[in-house]
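Structure at a glance
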Amino acid sequence: VRRRRRPADCGGGAGAPVGTTAGDEHRSLQKLSDTGAPVSSKREMGRCGKTGGNDVEQIWRDMFQAARAVQNGRQISQYVEAGGVAAAVLSSSGKIYTGVCVDTCATLGICAERNAIFQMITNGEQEIKKVLAIMPDGKSGAPCGACRELMVQLMPDSYHEIEVLLDFEAEEIVTLGELTPKWWI
């Protein structure tokens, strides 16, 4: 697992948070973004450039905020809990789909990532660009094996390009190909 960093030639232009310039990689910003998501202490997140007119850095913040908006851990019944983990998936069209985990006392539950992916499929899309999950403690984490398996099966020829946010605060982003380099497919 390696961290992706914005190349130095991207500088502190339009893609960098306010108050940063080239060389400010470790400057602490201790602020919230316009969407309310925390701004990390490192200046970059993702790759240099734009995606669909949105700064790559901003899309991760938007996804994080969307997942936080649906995260609401609660007991549904004596057998079912839901919402402890939330996820957001960015489709190839640029739309963000969210989902929450549903845990049951049997194997009938579903992870937040797969729930978000199924929302995407329900809405007529099938190509994933980015995915993130927020754990009950509010920190981001990696998709489980079942979620990785679904993404591989949905996109067998290009799953390795899906970006996964492992750690929002540390701005650690990997590809699904890095997490699952030699999948069985």
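Look up: the structure comes first, before these words.
Residues numbered from 1 in each chain as written. Predicted model: local features only at pLDDT ≥ 70, side-chain atom pairs only at ≥ 80, totals over all residues. Heavy atoms only, no water.

The next point concerns the nonpolar core. By size, the foremost hydrophobic cluster in this structure holds 23 residues, and its most contacted members are Val89, Ile117, Ile128, Met151, Ile162, Val164 and Leu176. Only strand 4 (80-91), strand 5 (96-104), helix 2 (112-122), strand 6 (128-134), helix 3 (145-154), strand 8 (163-167) and helix 4 (176-179) provide two or more residues apiece to this core. A total of four residues in this core trace back to one element, the largest contributor, which is helix 2. Not counting the four nearest positions on each side in its chain, Leu176 is found in contact with Arg148, Met151, Val152, Tyr159, His160, Ile162 and Val164. Within the second largest apolar cluster, 14 residues are counted, among which are Ile59, Met63, Ala86 and Leu90. (Core = buried A, V, L, I, M, F, W, Y, C linked by side-chain atoms within 4.5 Å. Buried < 20%, exposed > 50% of the residue type's maximum accessible area, 1.4 Å probe, protein only. Helix = DSSP H or I, 4+ residues; strand = E, 2+ residues; numbered from the N terminus. Contact = heavy atoms within 4.5 Å.)

Next up on the list: the environment of Asp167. In this fold, Asp167 is placed in strand 8. Along the chain, Asp167 and Leu132 lie 35 residues apart, while their C-alpha atoms are 9.0 Å from each other. If near-sequence neighbours (up to four positions away) are discounted, Asp167 is found in contact with Ser140 and Glu172. Of the polar contacts made by the side chain of Asp167, one reaches the backbone nitrogen of Ala170; its length is 2.9 Å. (Polar contact = N/O pair within 3.5 Å; in protein donor to acceptor, adjacent residues only side chain to side chain.)

Moving on, we get to the pairing of strand 6. Regular strands place side chains that alternate from one sheet face to the opposite one. Burial analysis of strand 6 places six of its seven residues in the buried class, which makes it a mostly covered element. Examined bridge by bridge, strand 6 and strand 7 (residues 140-141) share two bridges and lie antiparallel to one another. Each bridged residue has a counterpart across the sheet, and for Ile134 the counterpart in strand 7 is Ser140. Counted between consecutive antiparallel strands, the loop separating strand 6 from strand 7 contains five residues, among which Gly138 sits at a positive phi close to 90 degrees. (Pairing = 2+ DSSP bridges.)

Among the residues of helix 2, Ala112, Glu113, Arg114, Asn115, Ala116, Ile117 and Met120 are the ones counted as buried. Looking one or two places after helix 2, you find Gly124, whose phi comes out positive at around 85 degrees.

In this section: the packing of aromatic side chains. With the rule as written, the count across this model stands at one aromatic pair. On the basis of an interplanar angle of 25 degrees and a centroid distance of 4.1 Å, the ring pair of Phe64 and Phe168 is categorised as stacked. With Phe64 in helix 1 (residues 56-70) and Phe168 in the loop between strand 8 and strand 9 (172-175), the pair connects residues that are 104 residues apart, well separated along the chain. An identical accessibility class is assigned to Phe64 and Phe168; each is buried. (Phe/Tyr/Trp six-rings, centres within 6.5 Å; stacked < 30°, edge-to-face > 60°.)

This next bit is on the pairing of strand 9. Across the two faces of strand 9 the burial is the same, with Glu172 and Val174 and Ile173 and Thr175 all buried. Pairing analysis gives four bridges linking strand 8 to strand 9, with the strands arranged antiparallel. Within strand 9, the residue paired with Glu163 across the bridge is Thr175. Where strand 8 hands over to strand 9, the hairpin turn is made up of four residues, of which Glu171 adopts a positive phi near 55 degrees.

Before going further, it helps to spend a moment on the pattern of salt bridges. Counted by the stated rule, this structure contains three salt bridges. A salt bridge links Lys130 to Glu163; the shortest N-O distance between them is 3.1 Å. Highlighted residues: Lys130 in strand 6 and Glu163 in strand 8, separated in sequence by 33 residues. Like Lys130, the residue Glu163 is buried in the burial classification. (Salt bridge = Lys/Arg side-chain N within 4 Å of Asp/Glu carboxyl O.)

On to the environment of Glu178. With respect to the helices and strands, the residue Glu178 is situated in helix 4. The partly exposed category is assigned to Glu178, whose relative accessible area is 22%. Taking the C-alpha atoms as reference, Glu178 lies 7.1 Å from His160; in sequence the two are 18 residues apart. Among the polar contacts listed, one links the side chain of Glu178 to the backbone nitrogen of Thr175, at a separation of 2.8 Å.

Buried within helix 3 are the following residues: Cys147, Arg148, Glu149, Leu150, Met151 and Val152. Considering only its buried residues, helix 3 is in contact with helix 2, strand 6 and helix 4.

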